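# Structure assessment
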Amino acid sequence: MKNEYTVKDITKTAMMATITFIGIYMIKIPSLHGYAHLGDCMIFLSVLLLGSKKGALAGGIGAALSDFVGGYIHWIVPTFFIKYIMAMIMGMFIEKLMPHAKYNWLIGAIVGGIVQMILYTLVKIPLYGMGYAIGGIVGLTSQTVTGIVLTTVFVVVFQKAHLFQNRKELSK
């Protein structure tokens, strides 16, 4: 049986997990319901650069590690799975549902972002109550939209630098 992850794969995944961690932990924008961050952008880029499985793993690990180091211990497990699911949804649009569509990544990021907002809201209900959970939707929406807009900027820059020209090579 062939090992699916090589040392090169593990290294690239760890690098993107680190970049995701930095985007969340180091760049915090305070809000009424915690903070907004640049992590979603880094997770979306992880999927674009590494593919859905490795990108989702990098995003989940980086985000969960940020919660661990930041003292949000009760969010480690939900964050890992929510960010992982968000990234896998994006990857599913890119790799399976719309593999030849020009903006498949953008549609996947939007759908994944919406699922992320729903899942975080559902987790907040038993933790903090319905009112707080519903009130947090505005912050989640702005965080997700910011992540998608910044990812779009990176995609344009990366395309001009021909970084995505060999995407298949990058994700191997």
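Analysis parameters
- Residues numbered from 1 in each chain as written.
- Predicted model: local features only at pLDDT ≥ 70, side-chain atom pairs only at ≥ 80, totals over all residues.
- Heavy atoms only, no water.
- Helix = DSSP H or I, 4+ residues; strand = E, 2+ residues; numbered from the N terminus.
- Expected span 1.5 Å × (residues − 1).
- Buried < 20%, exposed > 50% of the residue type's maximum accessible area, 1.4 Å probe, protein only.
- Contact = heavy atoms within 4.5 Å.
- Axes fitted to C-alpha atoms, helices over the stretch in contact; angles between N-to-C directions.
- Parallel < 35°, antiparallel > 145°, perpendicular 65-115°, else oblique.
- Left-handed = near helix turned anticlockwise from the far one by under 90°.
- Nonpolar A, V, L, I, M, F, W, Y, C, P; charged D, E, K, R; others polar.

### Observations concerning helix α2 (residues 39–50)
The terminal C-alpha atoms of α2 lie 16 Å apart, and with 12 residues this matches the ideal 16 Å at 1.5 Å per residue to within 8%. Of all 12 residues in α2, 12 are buried, a share of seventy percent or more. Inspection of α2 places Gly39, Asp40, Cys41, Met42, Ile43, Phe44, Leu45, Ser46, Val47, Leu48, Leu49 and Leu50 among the buried residues, and these make up the whole buried set. The positive-phi residue at the C-terminal boundary of α2 is Gly51, with phi of around 95 degrees.

### Structural notes on the environment of Gly112
Tracing the backbone through its elements, the reader meets Gly112 in helix α5 (residues 104–128). Measuring from C-alpha to C-alpha, the distance between Gly112 and Thr144 comes to 9.4 Å, with 32 residues separating the pair along the chain. Not counting the four nearest positions on each side in its chain, Gly112 is found in contact with Met86 and Ile89.

### Thoughts on the packing of helix α4 (residues 76–97) against α5
Relative to each other, α4 and α5 sit at 155 degrees, their axes nearing to 7 Å. Our classification of the angle between α4 and α5 gives roughly antiparallel. Note that α4 runs across α5; the crossing there is right-handed. Here the contact of α4 with α5 is composed, by residue class, of 16 nonpolar, six polar and one charged.

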